[in-house]
Amino acid sequence: MSTNVIHFFPLPVKNFEYLFPEPSACSKLIPSWYKDQPSSFSKENEDRNANLTVKKCLPFFDSMSMGYLLKMPVDLYINTKNGKAECTIPKEFSSIEDIVIGWHSSEHISHYPADFNIYLKDLFRINPMWMTKTPPGYSTLFTSPMHQEHIPIKAIEAVVDTDNFLTAGLNSFFLQKDFEGVIKQGTPIIQAIPFKRESWD
């Protein structure tokens, strides 16, 4: 039995600790589309086993269910129509807005090979308001949630040595163009996957 434990600590923001959605094991937040997906389809005179769907693909399920989900800490209104970005959070969080959200200019990723027909060039930043800590020798991969419901943001993947560095900052995202709407509080935005640092040949 594993003795490895990952810890999530609330960001120490006075009067706001524990107000934000807690991280969850990915295995406990399997998306509804996957639950609704039939396990197979059949056609006349065809072998049913030859028509198994993604629901019967264990590698697919394992990628979706490994690690932990960090969630949108507050409702986030996004408007990226006309090539500009407007992002706001509820007024009750205005005193900590600079902690919850922020921006990186496009110069930070001037050579990054993103599809800027889909995304704006400036990077938006969101703080899940939880810090991640792993046992000695373990790091954490932070990436967009795999196979979850579509949201109009894409995380910039990163690996942090969370045994030595307690994550406490903003995560960077691309914003989808021509979108207007709200990402609701509690929506999964980051998949955190702890792993052991090892040398390989």
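Now for a look at the structure at hand. Keep in mind the model is a prediction, meaning the values are calculated, not measured.

Calculation notes
Residues numbered from 1 in each chain as written. Predicted model: local features only at pLDDT ≥ 70, side-chain atom pairs only at ≥ 80, totals over all residues. Heavy atoms only, no water. Phe/Tyr/Trp six-rings, centres within 6.5 Å; stacked < 30°, edge-to-face > 60°. Helix = DSSP H or I, 4+ residues; strand = E, 2+ residues; numbered from the N terminus. Buried < 20%, exposed > 50% of the residue type's maximum accessible area, 1.4 Å probe, protein only. Lys NZ or Arg CZ within 6 Å of the ring centre and 35° of its normal. Pairing = 2+ DSSP bridges. Contact = heavy atoms within 4.5 Å. Core = buried A, V, L, I, M, F, W, Y, C linked by side-chain atoms within 4.5 Å.

Focus on the packing of aromatic side chains
Okay, step 1: Counting across every chain of the model gives 12 aromatic pairs.
Okay, step 2: Considering the side-chain rings of Y34 and F61, the 5.8 Å spacing of their centres and the 35° angle between planes classify their relative orientation as tilted. With a gap of 27 residues between them, Y34 in helix 1 (residues 32–36) and F61 in helix 2 (residues 58–65) connect regions that are remote in the sequence.
Okay, step 3: Classification of F61 by relative accessible area gives partly exposed; the value is 27%.
Okay, step 4: Here a set of aromatic residues connected by ring pairs shows up, and it is made of W33, Y34, F60 and F61.
Okay, step 5: A cation sits over an aromatic face here: K55 above Y34, 5.8 Å from the ring centre.
Okay, step 6: Between the NZ or CZ atom of K121 and the centre of the ring of F116, over which it lies, the distance is 5.9 Å.

Regarding the sheet that holds strand 3 (residues 68–71)
Okay, step 1: Taken in spatial order, the 5 strands line up as 2-3-14-9-11 in an open sheet, and their pairing is antiparallel. The open sheet has two free edges, formed respectively by strand 2 (24–25) and strand 11 (158–160), since each of these has just one partner strand.
Okay, step 2: Both strand 2 and strand 3 contribute to a ladder of 2 bridges, which runs antiparallel. Counterpart to S24 in the pairing with strand 3 is L69.

A word on the side chain of N171
Okay, step 1: Residue position: N171 is located in strand 12 (residues 171–175).
Okay, step 2: Beyond its immediate stretch of four places on either side in the chain, N171 contacts F124, R125, I126, P128, F142 and I190.

Quick look at the nonpolar core
Okay, step 1: Ranked by size, the top nonpolar core spans 35 residues in total, and within it F20, L76, I78, I96, I126, I153 and I189 carry the most contacts.
Okay, step 2: Mapped by element, the contributors of at least two residues to this core are strand 4 (76–79), strand 7 (123–126), strand 8 (130–133), strand 10 (153–155), strand 12 and strand 14 (188–196).
Okay, step 3: Broken down by element, this core gets its largest block of residues, 3 residues, from strand 14.
Okay, step 4: Beyond its immediate chain neighbours, meaning those up to four positions away, L76 contacts C87, T88, I89, I101, F124, I126, G181, V182 and I183.

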